[in-house]
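Results of the structural survey
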Amino acid sequence: MKNVLVTGGAGYIGSHACKVLKAAGYMPVTYDNLSTGWSDAVKFGPFEQGDLSDRARLDEVFAKHQPVAVMHFAAFSQVGESMRDPGMYWRNNVVGSLTLVEAAVAAGCLDFVFSSTCATYGDQDGVVLDEDTPQVPINAYGASKKAVEEILSNFGESHGLRSVIFRYFNVAGADPDGEVGEFHQPETHLIPLMLDAIDGKRAGLTVFGTDYDTPDGTCIRDYVHVMDLVDAHVAGVEWLAAGKGSRVFNLGTGTGFSVLEVIEHSRAVTNREVPYEVGARRPGDCVKLVSGSVRAGQELGWKPERSTLESMITDAWRWHQNGHYDG
Ligand code: UDP
């Protein structure tokens, strides 16, 4: 069986990626420092605890498992936090990724799938966001991911690294089988926070700003089901193995929903009220992030079939009620 090194495999998206890799016939080897992930989420292959900044540990893991590819998820990913502490984002996301890329090249593992973000585009209302749109991030999170994209491009030119870069829009939902799901502590993302508010685990949700230039005044995002997202990653590994070379793909559905629309869908799916109040804008938030690309569909054959708001909220709600990690 071919091994794939999955950094951040104990986290939300990484754990779902491990599940689909295993189902596709690969052995996912999780590399994670458990700073935000859970050892309970590592269910589909071996676990190697370690930090991205630890080159010696990375070298050891590459030598032991001889992966055919890397899927790199391990990163800090909160816009608000990145504005409060940008150094943390540059150190972990950029310096950590550079260390990983150098270790991969040294080990001769040249197929690299990277988890990037639509936050690299920044605030470009009225512009169609496709892979050729100039990247002008407005928060440190987006800037850190854009820097890693540049590292991958440079290492491609100089060392033959081949990368598939996925720029995700907003990832939501959970494994419909309930084996893995989204569990952050503290939680900062809209849908899990809303579900917490619905079942009384928190007092209520704060809507970050209702004075944006959108139809209802709240920010608009393009939500993608985590299972659809990780399916694209397996297709990315196969794309590289087939020798198709480095490529960037947006992963979004092309449909945007406002914060108030997400609240309304959650009320309908759960049949419960969503207690919320209106608060101030969150620094670093873009007004509207919706993919304008069809490339992943055309070239990877990607079909985000589970990515309706109803299905994402239904799967997240099921996980929310039954699933959690203890450690
Ligand atoms: N949001 C909100 N209240 C919250 C969390 C998020 O109004 O408690 C909004 C946020 O301003 C953004 C959208 O929900 O417009 C999605 O935010 P999230 O943090 O889930 O993802 P991001 O878009 O920052 O990656």
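Scroll up to find the structure.
Everything in this summary refers to the structure shown in the same document. (Residues numbered from 1 in each chain as written. Predicted model: local features only at pLDDT ≥ 70, side-chain atom pairs only at ≥ 80, totals over all residues. Heavy atoms only, no water.)

The topology assignment puts S163 in strand β6 (residues 162–168). S163 gets classed as buried once you look at its relative accessible area, which sits at 5%. Not counting residues within four places of it along the chain, the set of residues in contact with S163 comprises F112, L152, L240, G245, S246 and R247. (Helix = DSSP H or I, 4+ residues; strand = E, 2+ residues; numbered from the N terminus. Buried < 20%, exposed > 50% of the residue type's maximum accessible area, 1.4 Å probe, protein only. Contact = heavy atoms within 4.5 Å.)

What follows concerns the packing of helix α4 (residues 86–107) against helix α5 (residues 140–159). The geometry of α4 relative to α5 is characterised by a closest axis approach of 9 Å and an angle of 20° between their N-to-C directions. In terms of axis orientation, α4 runs roughly parallel to α5. When you trace α4 past α5, the crossing you get is right-handed. Facing α4, whose interface residues are P86, Y89, W90, N93, V94, S97, L98, V101, E102 and V105, α5 presents A140, Y141, A143, S144, A147, V148, I151, L152, F155 and H159. (Axes fitted to C-alpha atoms, helices over the stretch in contact; angles between N-to-C directions. Parallel < 35°, antiparallel > 145°, perpendicular 65-115°, else oblique. Left-handed = near helix turned anticlockwise from the far one by under 90°.)

Glancing now at unusual backbone geometry. Omega for the bond connecting Q185 with P186 falls within 30 degrees of zero, at 0°, which places this linkage in the cis form. As for its placement among the helices and strands, P186 is situated in the loop between β7 (170–172) and α6 (190–198). The phi dihedral of Q66 is positive, around 45°, even though this residue is not glycine. On the accessibility criterion, Q66 (57% relative accessible area) is exposed. Residue N271 is not a glycine yet carries a positive backbone phi of 60°. Structurally, the position occupied by N271 is in the loop between α8 (259–270) and β13 (276–279).

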